[in-house]
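So the chains spell out like this:
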Amino acid sequence: MLKKAKFGILILLNLLSINFITASSLLIPMDKTQTNHLKAYGIAFWILQQNQEVSWLLNYRGGSFLCPYNETFANECAIRDVAYQVLPDVQAAAILQKIAQPDINMNEVKLTKAPKIAVYSPKNKLPWDDAVTLVLTYAEIHYDVVYDEEVVNGVLPMYDWLHLHHEDFTGQYGKFWANYRNADWYKEDVRQQEAMAKKLGFAKVSLLKLAVAKKIREFVSGGGYMFAMCSAPDSFDVALAADGVDICDTPFDGDPMDRDAQNKLNFDNTFAFHNFKISTNPYEYEISNIDVNPSMHMQNRNNDFFTLFEFSAKWDPVPTMLCQNHYQVLRGFMGQTTAFRKETLKPNVIVLGETKAFDEARYIHGTFGQGTFTFLGGHDPEDYQHFVGDNPTDLNLFPNSEGYRLILNNVLFPAAKKEKRKT
């Protein structure tokens, strides 16, 4: 009889053990204990592609990810050197219960579907790299490359999220003319841009770029998510403001610009910026005064930092998602557009990160129609001053980059279950 009782207890313990194994959760921490923050986003994206929801735990251990345990998921984490923990469901439930408390600035956001990603980028090789394509490749997140022809032909509605590569939507070729007009890469870029404008029925490259900017505006207005860095944010808004106005001088399109162009700008057309002044000097490596004075940053290189704002995770989940990080103060980095003058920001724009000492915004977000846009100043978060011709950053050396995390926050947040805005 005693043997039967012991045998029954063993069976019960085995059943409990099996239940413990099957009823468990996979936690991917995103605080300083994470071995590879960048690939962790790729894991979250990959799990979504396996038709499994992921919980993004805002402000919990740096914005950790939680999903039901699956041996395949755990193995993939190990393969990609991503730290993870297996938690019994009772412990995972306790974490979620803590996060749900109204007096704690945390939130659980359900990620339900992997967004389809497009990167607007030229097909010809240019002597600089793009931070977004670098980190998407490193994180093993798939994306498609589209450019002017695809955009004009209406491909954007096929995608959820669009990144704008280092680009000049004003048709002034990045204002590189003064320093690089005799370089082979510059001449080839001009040739290809002009050929594409002609192919698509536009008399000038500036008119083609304006048409592309309008297509992107339609994409966002219809519910798309758009992210841009470096020269793309201000050149995009400048191009839209200059609709119907020639702001390109002779070196760029063969005829003089409209000398009254500044007064003809229409700021109602733009996403983020207004009341800015365009640069009319073809020798100046600036598109407008939206960008801050770069010399200010060069003089303060060793003290160039910006601070992420802390938002209410329960009432402002979108800006909270975009600011998830294991550091609140981040190292600054330069670009053709390094940061945004606050006086040029429209009132509805949300500042996500700022350099208070310079009174400038480094990271901003807003809505347009049914969609959103996010702009980040600078060119490469791990290369303070990236020059034309510099080698691409090797992200194997920066797996925990807090700056690159901002990019991946933007890639992932369109996967969040859409809820009614609380603001």
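Every value quoted in this text rests on a predicted model; they were computed, and no experiment measured them.

Caption draft 1: Examining the side chain of Gln336 more closely. Relative to the elements of secondary structure, Gln336 occurs in the loop between β11 (329-331) and β12 (340-341). Side-chain polar atoms of Gln336 contact the backbone oxygen of Gly174, separated by 3.0 Å. Leave out the neighbours within four places in its chain, and Gln336 touches His166, Gly174, Lys175, Cys230, Ser231, Tyr285, Glu286, Ile287 and Asp291.

Caption draft 2: Fine view of the environment of Arg61. Of note, Arg61 is situated in the loop between β2 (54-58) and β3 (64-68). For the pair Arg61 and Asp31, spaced 30 residues apart in sequence, the C-alpha to C-alpha distance is 4.8 Å. Once you skip the residues sitting within four places of it in the chain, Arg61 turns out to touch Leu27, Pro29, Met30, Asp31, Thr33 and Gln85. Side-chain polar atoms of Arg61 contact the side chain of Asp31, separated by 2.8 Å. A polar contact of 2.8 Å, which involves the side chain of Arg61, links it to the side chain of Gln85.

Caption draft 3: Molecular detail of the state of the cysteines. Throughout the structure, instances matching the rule amount to zero disulfides. The thiol sulfur of Cys230 is not disulfide-bonded, and the nearest other cysteine sulfur, from Cys248, lies at 18 Å.

Caption draft 4: Quick look at the sheet that holds strand β4 (residues 85-88). Spatially, β4-β1-β3-β2-β5 is the arrangement adopted by the five strands of the open sheet, whose pairing is antiparallel. For this open sheet the edge positions go to β4 and β5 (107-111), each flanked by a neighbour on one side alone. The mean inter-strand angle of the sheet, taken between neighbouring strand axes irrespective of direction, is 30 degrees. As paired strands, β2 and β3 are joined by three bridges and run antiparallel to one another. Bridged to Leu57 within β3 is Ser64. Contacting β1 (24-28) and β3, helix α3 (residues 71-79) crosses the sheet at an angle of about 25 degrees to β1. Along the sheet, helix α4 (residues 89-100) makes contact with β1, β2, β3, β4 and β5, crossing β4 at roughly 90 degrees.

The rules behind these values
Residues numbered from 1 in each chain as written. Predicted model: local features only at pLDDT ≥ 70, side-chain atom pairs only at ≥ 80, totals over all residues. Heavy atoms only, no water. Helix = DSSP H or I, 4+ residues; strand = E, 2+ residues; numbered from the N terminus. Polar contact = N/O pair within 3.5 Å; in protein donor to acceptor, adjacent residues only side chain to side chain. Contact = heavy atoms within 4.5 Å. Disulfide = S-S within 2.5 Å. Pairing = 2+ DSSP bridges. Axes fitted to C-alpha atoms, helices over the stretch in contact; angles between N-to-C directions.

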